[in-house]
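A look at the structure
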Amino acid sequence: MRLQALAIGLVIASGVAIFIMSLSTYDSLFETRERYYRDHHFADVFADLKRAPLSLVQRIQAIPGVQTVQTRVISYVNLSLKDHSKPISAHLISLDSSASDELNQLYLRQGRFIEDMASTEVIVSEEFARAHRLSTGDTLSATINGHRKTLTLVGTGLSPEYIYQIAPGAMFPDYQSYGVLWMARAPLASAYDMQGAFNNVTLTLSKQANTQAVIDRLDTLLKPYGGQGAYARKDQLSNRFLSAELGQLKVMAHVFPIIFLGVATFLLNVVIRRLMALERQQIAVLKAFGYSSWALAVHYSKLVVLMVSLGTLLGIALGAWMGHAMSQLYMDIYSLPYMHYQLKPILIVWAVFISLGAAVIGTIMVVTRAAQQPPAQAMHGQTPTLYRATLIERLGLQNSLSQPTRMIFRHLERRPFKALLTVLGISMACAIMMVGGFQEGAINKMIEVHYTLSQREDFKVLYTEPSATTSLHSIKSLQGVQQIEGFRSVMAKVEFAHRHYTTALTGLEHNGDAGQHNMGLFRLLDQHLNPITSKTFNPLETLQTPAISATGVIITDHLAAWLHIKPGDMLTVYVLEGRRPTLQIPVIGTIKEYLGLNVYLPRHHLNRLLREGDVISGARLKVDSEHQAQLIQTLKGWPKIVSVTEQSSAIKAFYQTMDDTILFFTFITTLLGASIAFGVIYNSLRIALSERQHELASLRVLGFYKHEVAYILLGEHALLTLLAIPLGFLIGVGLCHYLAMQFASDLYRIPLVLDAQVYAFAALVVIGSSLLSALLIWRNLSQLDMVKALKANE
């Protein structure tokens, strides 16, 4: 039984490995994050504003529950590097000192801290420095409040505030195009006329503090100074992405072990059931000599525990290796300064307990039933199977089939339950294989929808402050600009009933330079991913196809579900910028978006609601490829432009990041899926051979050739495998759909995308496992004992 035991052990090992890997990575990532946050004093509340005097700090400190207050000066700037023509933007953050009580402390990786009055020294984020191969002493140029300034790099570091380092409005890190810089407060404040003032504040709270009450009081204090709405740590962008990843690890730790250990339970049940049948008379003799049922149960349980123990030990070792590798991967992706990988003893205890529990469930009923059988009855051979005409014979099709083929169909019809269990086991392997391909296809679909169908610009330009739409003429006149669209965006808290969410309220042009909106650079997509235009608008179909030109807002479908709002309801909008008006706007429809939760309306309508002129926050550009580099250099020098973002660079950086994670996950899925496929198929073949060994040997005695006997056994399992693959596809679709729902969050939703390649790969792995198992069984078929078959009593 060594190969059967090995196959079962592999399935057990796979389930234990995915359990250990997921939860140990979760624990490591969670504990590392908490330690990093604690040691570097990560804030509990954050708020941005226009400008406030430092004297306001005393009033903020007086808010009940506030423990520590830190004010900063933060700006968003354009950077330039030698030998790098692409646009680069960065957050420039004031740094008071390296004092131990400072919030959001830097983890200095290389170099030194900035001297308090140094006007040209900066510390840059480690990822940005690595992406551009920067080291201490190197220089870079920044446009600070419209003036070019050369800065010297004195160190590299990491911050708990930027574990997931992404530019404003982006969803994925792009270290080539976005970085974080820290500069001494005095020169930065002087550059932005912020002496004795601040435009960002962070707080830590006491354990007994009511976070929402503090946020409400802080918003009241900051409102006269252009406050943009305070938010808690749980809503801080970097922390939200990391928390979403932790949630996905938990889902993996619950879903996959259940599948693997469920299949292992099935395999153990089948193997032990067959072993009981083969040793039926030996068990009866032992019972006759006085062995108790308990002694027999313990004897066979030892066999099962041995197989399971080997699989569990292998699974723990494999899970620890994969968990450590995945933890290191997360450390790089999430810009963590260190990773304390830990495999808690309680996880090992749970792994052993769960795997042994699966073994007991899979064997206890079979062992108990066999041990309770009266010895006299068990000493007799099993009653021969009652044979009847099969469906094929009743239909009169037997003459069109060969004799071995009829034997295959007879055996399957007379033992349908066993065939069904085998099909289910193989189909589970097929379903597991689909998950890795689903992840990759879903990511590609998200990118296609977001960047190809919806946001089709080459560059996005952001202004330092809202500017008149006439500013577009200056950009449009630049060489290479083919199309331009302005937009207005403000932060707002949207509310319906008792539910609320803070997001961007974006005003769009429903008529771009190219004419209708369906030819514009930014397109809203309906539930079928078709562009929404004024041409497609029909007042009777508002719920299905809203128009961007209609009066009202269009919201992301996931936001509608989040707020429990439907088209026709009134949405309350609390604008967090400028005069901060409170608006009541009807929802006229929903759109499909996979990234973020957003609210859209016509720009001219938003301008009117905000009681401002014909202004925009930025523009989207379509630019001829030959003139892009020149355009970037020109725009970066304009004082009113705070950043230039290149679309293709963001997509490229995202794929570079995802390649590592997707390839690693696909490797794990392939390894574990192949192990479950081999375990089920080989055990099924080996058990079938044990059950039919006497029958097949008798056929050889009667004159059947070796290849005919092999055809009877292997042909049956080939048919079961072919039946299992479509069922596996159905189970795989269900599993992928479940994971997509579990992974959905306000940050992103994963579409269910399963192309032909996903199905083909899953099917090929299952077929490959079947062929390998058949090769191993072929050797046993050549060793059938025909002499023993002739001597059989029956």
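What you see is a predicted model; the values in this text were computed from it and never measured.

1. Quick word on the overall build of the chain
- Secondary structure assignment for the chain yields 21 helices and 22 strands.
- Expressed as a percentage of its 794 residues, the buried residues of the chain come to 54%.
- Intrachain contacts of the chain at a sequence separation of at least 6 include 81% that bridge at least 24 residues.
- Accessible surface computed for the chain: about 35,000 Å², of which carbon and sulfur atoms make up 58%.

2. Regarding a nonpolar patch on the surface
- Judged by side-chain polarity, Ile346, Val349, Trp350, Phe353 and Ile354 come together as a nonpolar surface patch covering roughly 500 Å² of accessible area.
- Along the chain, the position of Trp350 falls in helix α9 (residues 345-371).
- You can call Trp350 partly exposed: its relative accessible area is 44%.

3. Some details on the packing of aromatic side chains
- According to the stated counting rule, one finds 15 aromatic pairs in the structure shown.
- Geometrically, the ring pair formed by Tyr36 and Tyr338 is edge-to-face, given 6.1 Å between the ring centres and 70 degrees between the ring planes. Taken as a pair, Tyr36 in helix α1 (residues 2-39) and Tyr338 in the loop between α8 (293-333) and α9 lie far apart in primary sequence, 302 residues in all.
- For Tyr36, a relative accessible area of 0% corresponds to the buried category.
- Members of the aromatic cluster, connected to one another through ring pairs, are Tyr164, Phe241, Tyr330, Tyr334 and Tyr748.
- The residue whose ring lies beneath Lys493 is Tyr574, and the NZ or CZ to ring-centre distance is 5.3 Å.
- Sitting above the plane of the Phe487 ring, Arg620 keeps its charged end 4.4 Å from the centroid.

4. Describing the side chain of Ser94
- Note on placement: Ser94 falls in strand β4 (residues 84-95).
- Reaching out from Ser94, the side chain makes a polar contact with the backbone nitrogen of Val73 at a distance of 2.9 Å.

5. Looking at empty space enclosed by the protein
- For the structure shown, the criterion picks out five cavities of 30 Å³ or more.
- In this structure, the second largest cavity spans a volume of roughly 60 Å³.
- Lining the second largest cavity, in full, are Met446, Val449, His450, Ser454, Leu525, Lys592, Glu593, Tyr594 and Leu595.
- For the lining of the second largest cavity, a count of residues per class yields five nonpolar, two polar and two charged.

6. Re the sheet that holds strand β2 (residues 66-72)
- Spatially, β2-β10-β1-β11 is the arrangement adopted by the four strands of the open sheet, whose pairing is antiparallel. With partners counted over all chains shown, the strands left at the sheet margins are β2 and β11 (231-232), one partner each.
- Note: strand β1 (residues 45-53) against strand β10 (residues 197-205), six bridges, orientation antiparallel. Opposite Phe46, over in β10, you have Thr202 as the bridge partner.
- Helix α5 (residues 211-222) rests against β1, β2, β10 and β11 of the sheet, and its axis sits at about 15 degrees to β1.

7. Here's the deal with the pattern of salt bridges
- Inspection of the entire model under this criterion finds 18 salt bridges.
- Here Arg488 ties to Glu612 by a salt bridge, and the two come within 2.8 Å at their closest N and O atoms. A residue pair is termed long-range when its members are at least 10 positions apart, and Arg488 in strand β13 (residues 481-496) and Glu612 in the loop between α16 (603-609) and β21 (615-623) qualify at 124 residues.
- The class for Arg488 is buried, based on a relative accessible area of 6%.

8. Regarding the side chain of Ser355
- Relative to the helices and strands, Ser355 resides in helix α9.
- Among the residues examined, Ser355 registers a relative accessible area of 0% and is labelled buried.
- Within polar-contact distance, the side chain of Ser355 engages the side chain of Thr312 at 2.9 Å.
- At a separation of 2.9 Å, a polar atom in the side chain of Ser355 contacts the main-chain carbonyl oxygen of Ala351.

9. A short note on the packing of helix α7 (residues 280-288) against α8
- At a closest axis distance of 10 Å, the pairing of α7 and α8 adopts a crossing angle of 140 degrees. Between α7 and α8, the crossing angle belongs to the class labelled oblique. Crossing hand, α7 versus α8: right-handed. Facing α7, whose interface residues are Ile283, Leu286 and Lys287, α8 presents Ser293, Leu296 and Tyr300.
- Each residue belonging to the contact of α7 with α8 can be placed in one class, and the counts come to four nonpolar, one polar and one charged.

10. Digging into α7
- Turning to α7, its buried residues number three or more, namely Arg280, Ile283, Ala284 and Lys287. Across the axial projection of α7, the buried residues extend over an arc of 100 degrees, all falling on one side.
- Immediately beyond the C-terminal end of α7, within one or two residues, lies Gly290, with a positive phi of roughly 110 degrees.

11. Side note on the environment of Leu336
- Checked against the element boundaries, Leu336 lands in the loop between α8 and α9.
- Residue classification places Leu336 among the buried residues on the basis of a relative accessible area of 3%.
- It is 6.2 Å that separates the C-alpha atoms of Leu336 and Ile163, two residues lying 173 residues apart in sequence.
- Residues within four places of Leu336 in sequence aside, it is in contact with Leu29, Thr32, Tyr36, Arg109, Leu158, Ile163, Tyr330 and Met331.

12. Description of unusual backbone geometry
- Positive phi is not limited to glycine here, since Arg133 has a value of about 55 degrees.
- In this fold, Arg133 is placed in the loop between α3 (126-131) and β7 (139-144).
- Judged by relative accessible area, which is 78%, Arg133 ranks as exposed.
- The phi dihedral of Ser335 is positive, around 50 degrees, even though this residue is not glycine.
- Tracing the backbone shows Ser335 in the loop between α8 and α9.
- Classification of Ser335 as buried rests on a relative accessible area of 2%.

13. Focus: the pairing of strand β14 (residues 499-508)
- For β14, a buried count of seven out of 10 residues is recorded, marking the element as mostly surrounded by other parts of the structure.
- Pairing between β13 and β14: nine bridges, direction antiparallel. In the sheet register, Met491 faces β14, and the bridge partner there is Ala504.
- Between β13 and the antiparallel strand that follows it, β14, lie two residues; Ala497 among them carries a positive phi value of about 60 degrees.

14. Thoughts on the packing of helix α19 (residues 706-743) against helix α20 (residues 756-781)
- Relative orientation of the contacting elements α19 and α20 amounts to 155 degrees, with a least axis distance of 10 Å. Considering the angle they form, α19 stands roughly antiparallel to α20. Crossing hand, α19 versus α20: right-handed. Across from Lys706, His707, Val709, Ala710, Leu713, Leu714, Thr721, Ile725, Phe729 and Val733 in α19, the residues of α20 making contact are Tyr759, Ala762, Ala763, Val766, Ile767, Ser770, Ala774, Ile777, Trp778 and Leu781.
- For the contact of α19 with α20, the per-class residue count stands at 16 nonpolar, three polar and one charged.

Definitions and cut-offs
- Residues numbered from 1 in each chain as written.
- Predicted model: local features only at pLDDT ≥ 70, side-chain atom pairs only at ≥ 80, totals over all residues.
- Heavy atoms only, no water.
- Helix = DSSP H or I, 4+ residues; strand = E, 2+ residues; numbered from the N terminus.
- Buried < 20%, exposed > 50% of the residue type's maximum accessible area, 1.4 Å probe, protein only.
- Contact = heavy atoms within 4.5 Å.
- Areas by Shrake-Rupley, 256 points an atom, 1.4 Å probe, with all protein chains shown as cover.
- Patch = residues over 30% accessible without salt bridge, like charges linked within 9 Å, V, L, I, M, F, W, Y side chains within 5 Å.
- Salt bridge = Lys/Arg side-chain N within 4 Å of Asp/Glu carboxyl O.
- Phe/Tyr/Trp six-rings, centres within 6.5 Å; stacked < 30°, edge-to-face > 60°.
- Lys NZ or Arg CZ within 6 Å of the ring centre and 35° of its normal.
- Polar contact = N/O pair within 3.5 Å; in protein donor to acceptor, adjacent residues only side chain to side chain.
- 1 Å grid on protein atoms, 1.4 Å probe; cavity = no way out; pocket = protein on both sides within 12 Å on 5 of 7 lines; lining within 4 Å.
- Points joined across faces, edges and corners; volume = space filled by probe spheres on them.
- Nonpolar A, V, L, I, M, F, W, Y, C, P; charged D, E, K, R; others polar.
- Pairing = 2+ DSSP bridges.
- Axes fitted to C-alpha atoms, helices over the stretch in contact; angles between N-to-C directions.
- Parallel < 35°, antiparallel > 145°, perpendicular 65-115°, else oblique.
- Left-handed = near helix turned anticlockwise from the far one by under 90°.
- Arc of directions from axis to C-beta.

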